Each structure stands twice: as C-alpha cells, then as structure tokens.
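Fold and geometry: a report
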Amino acid sequence: VGTFLGILISYVCVGPFARAITQRMVIQSQYMNCLRAALFSFARGEAPVTCVEFARRNIEPLNRPSFHEVEKAFKDAKKQG
C-alpha cells in the first residue's frame, strides 16, 4: 500500500508540478536570451533596429513578431517621441 501510494502521489502531484516549473524555467531562459542578444549587439555598436532584429531571432517562431510588426512599432515609437 505504501509503494502504491508513493507512486500515485508522484504521478498525480509531483509530476505535474515539476513539468510546470520546467516550463516556466524554459520561458524565463528564452526571455533572458532575447535580452542578452539585444544588449550584446547594442554593446557592439549596432543600430537599434539591428539590435531588435538580433533579439527577435531568439524568440520562438510561434511567438515571434513579424518583421513588418517590428517596423510598424519602430515607426509608431518615432512618431510619439
């Protein structure tokens, strides 16, 4: 009974909890890699548009904004100041 209970608890409680933590860590590491790429390219003296493009390449394809969306955001930011 003890072994069965341990296996049941591990599959029902510990497994989903571990998967959720792993998924959050993956998302956070992707975010940090995106920032790292942008900062390193800026430190090399690249133009801001190029820095954003380097950062954009590190985003997962499903979540990545298109090139045209980024260009539109830059133009809107320039208009606002």
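Scope of this entry: the structure provided in the associated data block. (Residues numbered from 1 in each chain as written. Predicted model: local features only at pLDDT ≥ 70, side-chain atom pairs only at ≥ 80, totals over all residues. Heavy atoms only, no water.)

Scanning the protein for helices and strands turns up three helices and zero strands. Along the protein, helices (α) and strands (β) appear in the sequence α-α-α when read from the amino end. Taken over C-alpha atoms, the radius of gyration comes to 21 Å for the protein, far larger than the 12 Å a tight globule of 81 residues would show. Evaluated residue by residue, the protein yields a buried proportion of 11% over its 81 residues. As displayed, the protein offers around 6900 Å² of accessible surface, 66% of which is attributable to carbon and sulfur atoms. Looking at charge distribution, the protein has the averaged site of its 11 positive side-chain charges lying 4 Å from that of its 6 negative ones. (Helix = DSSP H or I, 4+ residues; strand = E, 2+ residues; numbered from the N terminus. Rg over C-alpha atoms; globule rule 2.2 N^0.38 Å. Buried < 20%, exposed > 50% of the residue type's maximum accessible area, 1.4 Å probe, protein only. Areas by Shrake-Rupley, 256 points an atom, 1.4 Å probe, with all protein chains shown as cover. Lys, Arg positive; Asp, Glu negative; His and termini not counted. Charge placed at Lys NZ, Arg CZ, Asp CG, Glu CD.)

Tallied over the full model, the rule gives two salt bridges. As a salt-bridge pair, Arg56 and Glu53 come within 3.0 Å of each other at their nearest N and O atoms. Of this pair, Arg56 and Glu53 both sit in helix α2 (residues 48-56), separated by three residues, roughly a single helical turn. Of the residues examined, Glu53 reaches a relative accessible area of 19% and is grouped as buried. Note that Asp76 is salt-bridged to Lys72, the shortest N-O span being 3.5 Å. Here Asp76 pairs with Lys72, and both are found in helix α3 (residues 67-80), just four residues apart, close to one helical turn. The exposure class of Lys72 is exposed, given its relative accessible area of 53%. (Salt bridge = Lys/Arg side-chain N within 4 Å of Asp/Glu carboxyl O.)

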